[in-house]
Amino acid sequence: SIARRLQMLPRPVLPASHGVPLSRGPLPHRRNPSGVRWSHLASFGTPLMGFARSLRSSRQFIRRGRLAQRGCALGGYAALRTRAMAGCFPISSVLPKGGKPCSRALGLRSASKQGDLPRLWKYFAIHRDWCDHVLFYEDGTFAQGRLGGHGSWQLTSLGKGRGSNLELELRWQSYSHVAASPVEVLSSSSGSTETFAAEAVKLELVSGEGLPCPGSEKQGPRALLFSSVGSQCLPVVRDHWLAKPSMMQFDVALMFYKEASSHAYSDLSELVSTQECVELSHSPGMKWPNFMKWMEANGGAEAVAARYDYVWVVDDDVRLDTAEINRLFSILRDHREVEFACPSFDASSDGVWRYFDGHDPKYKLRYTDFIECTAPVLKTTWLTDPGFARCLQGVRTGCFIDFCFFPAAGRRRDAVAVVDAVQCHHPPRGADAPSEMRQVQAWEDHKEDDVYFDQAGVPRDWYWFRQPQVFGGVPAEDDGRRAAIEFAGTTVPVPGSSGVLQLPSAGFGTAFYPEDHLLGTPEEALVCESVDAALRAGVRLFDCANQYTSQRHVGAALERALQTGLVSRDELVVVTKLAQFDSPSEVVEGVQRALGELRLDYVDVLMPHIPCSNEGWRWFEEEVDAGRVRHLGISNY
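### Description of unusual backbone geometry
Comment: phi is negative for the bulk of residues other than glycine, and the bulk of peptide bonds are trans.
Here comes step 1: For Phe400, which is not glycine, the phi dihedral falls at a positive 85°.
Here comes step 2: Among the secondary structure elements, Phe400 is positioned in the loop between α11 (386-394) and α12 (401-408).
Here comes step 3: Here Phe400 falls in the buried class, since its relative accessible area comes to 1%.
Here comes step 4: A positive phi angle, near 60°, is found at Asn636, a position not held by glycine.
Here comes step 5: By secondary structure assignment, the location of Asn636 is in the segment after β27 (629-632).
Here comes step 6: Asn636 gets classed as exposed once you look at its relative accessible area, which sits at 57%.

This is the structure:
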């Protein structure tokens, strides 16, 4: 029956545009949740309807027969064959009633915005519990096409060279099926990425090229991250620098300066053993002397300069994710005039120079005469320069070399830069997280390094203290961002019975919709990161509501910003809304709930989410009298 129906399907003629919704209605499926509608989208017309009807009747036929328990798997097989005949494939997404499809999660590309979406790879999975398309994104996340599950993926080669066995690890963050573990490992014994299999699932490539094999996309410039690391470094290395191994466009060289017999070294060795582009060695000592030892062990400065175009010599507690490290190197390749640089530091970073190299959202990068030794990026050609080589010979703790970059580059006003387009985080040090490097050498001894610079023949006016200055910069990308930041900083006075409210000209909406879950990032992380980014861009107005599941996460982000001094409470204008209330007590309960979730003593503006009665408005006025609300507004009138 399935074969006859598949033979009847005509080969389609592809239209110019993709992603046309063809039908909307409940799809018969044993895991279809109540009250949810499905939207079927494809790159072809009526053949999809024939496919849907054939698959539906095939499932019904199978359920009535002896193969009822295998119906979903056989249905998936039919879907694979249908896709092979049609030359394209249907994708569907869980949508709320009246909702719109999420094109990023579905992997649909329109002809006009082909470059706006991230690269993805399309597979179809036949699982013992389900069958569905699985979309793998270049940022290391994946999402089911219809069932709504998502997580992160990592592809690892078990040998050297092409043809080696491959393992694909799926880490589920959300899934609708029953699984023994949130981690599933599939393998390809042929070394091909077209098909992966495990006991419970088979994953087959739909079209185009498969997932990139580890090491297959290393053409072009390559950069290096070097760090001398201690026993506290594992969360930084694992969760930030190597967070997305499949995306790494740089190699990593780590030198462990603590005891080689420690558990930290063992854990770090285990992590590095699974990463093809990461190496680990052991050498007691400070970062810069260890960097010189590493260069000598790898053929000297000339060999390193021939292999890499940039090297980031970074402290082991500086947090910057994989994608942002790639971006840092990419920006410097676009600005070849810059010889030495460093990322900017976010507002909560610690350090004596943060007043100078803290993030400035108005700029892409700023040309300066100073970057601190905590996280400098060097163009590797300078490793072979005789003048700068003397600076490397004299450096011990890092003190003084930060002043050498500018004179070494000939005092050109565009040779040294702080890259504001990339923000890193340098956490404060305290009793609960002491500096391990201070155990190697006391802070008081750092200022004695001038003796070594003198011995190396470095001119005193190169390395001695001076007041840093900014010469100019490249404005933030011309995508409206700079204008939006400036606009967000303006306010409009709004008079009212409770006084004048200085209402910011631009605000930030915080609703989190069901299809957002397909982005692959947990709601809490996505909301907190978005609110934090908005605050750093100058936004001070936040629109919330009790109906939004995100309100408690907005509160967590605002509380952190207030505690770190990123913003003061007087600068913020926080709006919340109540949708359903039939008595004064329900209004009181709603406001108290909002204050609890937002972690605030009062809200600046309270609104009825939908039009309310005059009596309901009087209940709102009582909240102003009680001091829990400063101003009232209306919504959706």
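### Structural notes on the confidence of the model for the protein
Here comes step 1: In the predicted model, the protein carries a mean pLDDT of 77, and 72% of its residues have values of at least 70.
Here comes step 2: Of the regions scoring below 50 in pLDDT, residues 11-117 engages in 186 contacts with residues more than four places distant in sequence or in other chains.

### Regarding the packing of helix α19 (residues 584-598) against helix α20 (residues 614-626)
Here comes step 1: Contact geometry for α19 and α20: axes closest at 9 Å, N-to-C directions at 50°. Comparing their axes, α20 and α19 come out oblique. Regarding α19 and α20, the two cross each other, and that crossing is right-handed. Contacts from Pro584, Val587, Val588 and Val591 in α19 reach Trp619, Phe620, Glu622 and Glu623 in α20.
Here comes step 2: Looking at the contact of α19 with α20, its residues break down into six nonpolar, no polar and two charged.

### Focus: α19
Here comes step 1: Its 15 residues give α19 an end-to-end C-alpha distance of 21 Å, which sits within 8% of 21 Å, the value for a rise of 1.5 Å per residue.
Here comes step 2: Within α19, burial applies to Val587, Gly590, Val591, Ala594, Leu595, Glu597 and Leu598.
Here comes step 3: Considering only its buried residues, α19 is in contact with α18 (551-564), β25 (573-578), β26 (603-608), α20 and β27.
Here comes step 4: Once α19 finishes, Arg599 follows within two positions and takes phi at roughly 60°, a positive value.

### Some points on the pattern of salt bridges
Here comes step 1: Within this structure, the stated rule accounts for 22 salt bridges.
Here comes step 2: A network of salt bridges, in which partner residues are shared, links Glu339, Lys379, Arg412 and Asp414.

### Considering the sheet that holds strand β12 (residues 223-229)
Here comes step 1: Taking strand neighbours across the sheet as the criterion, the nine strands line up as β14-β13-β12-β15-β18-β16-β19-β17-β20 in an open arrangement whose pairing is mixed. Here the strands that pair on one side only, and so sit at the sheet edges, are β14 (278-282) and β20 (470-475). Averaged over all pairs of adjacent strands, the angle between their axes in this sheet comes to 25°, without regard to strand direction.
Here comes step 2: In this structure, β12 lies alongside strand β13 (residues 250-256), joined through seven bridges in parallel fashion. The residue bridging Leu224 from the neighbouring strand is Asp251, located in β13.

### Focus on the sheet that holds β26
Here comes step 1: The five strands lie next to each other as β23-β24-β25-β26-β27, forming an open sheet whose pairing is parallel. Each edge of the open sheet is held by one strand with a lone partner, namely β23 (507-509) and β27. Pairwise comparison of adjacent strand axes, ignoring direction, gives a mean angle of 30° for this sheet.
Here comes step 2: Two elements, β26 and β27, share three bridges in a ladder whose sense is parallel. Note that in β27 the partner of Val603 across the bridge is Val629.
Here comes step 3: Lying over the sheet, α19 contacts β25, β26 and β27, oriented at roughly 140° with respect to β25.

What counts and how
Residues numbered from 1 in each chain as written. Predicted model: local features only at pLDDT ≥ 70, side-chain atom pairs only at ≥ 80, totals over all residues. Heavy atoms only, no water. Helix = DSSP H or I, 4+ residues; strand = E, 2+ residues; numbered from the N terminus. Buried < 20%, exposed > 50% of the residue type's maximum accessible area, 1.4 Å probe, protein only. pLDDT = per-residue confidence, 0-100. Contact = heavy atoms within 4.5 Å. Axes fitted to C-alpha atoms, helices over the stretch in contact; angles between N-to-C directions. Parallel < 35°, antiparallel > 145°, perpendicular 65-115°, else oblique. Left-handed = near helix turned anticlockwise from the far one by under 90°. Nonpolar A, V, L, I, M, F, W, Y, C, P; charged D, E, K, R; others polar. Expected span 1.5 Å × (residues − 1). Salt bridge = Lys/Arg side-chain N within 4 Å of Asp/Glu carboxyl O. Pairing = 2+ DSSP bridges.

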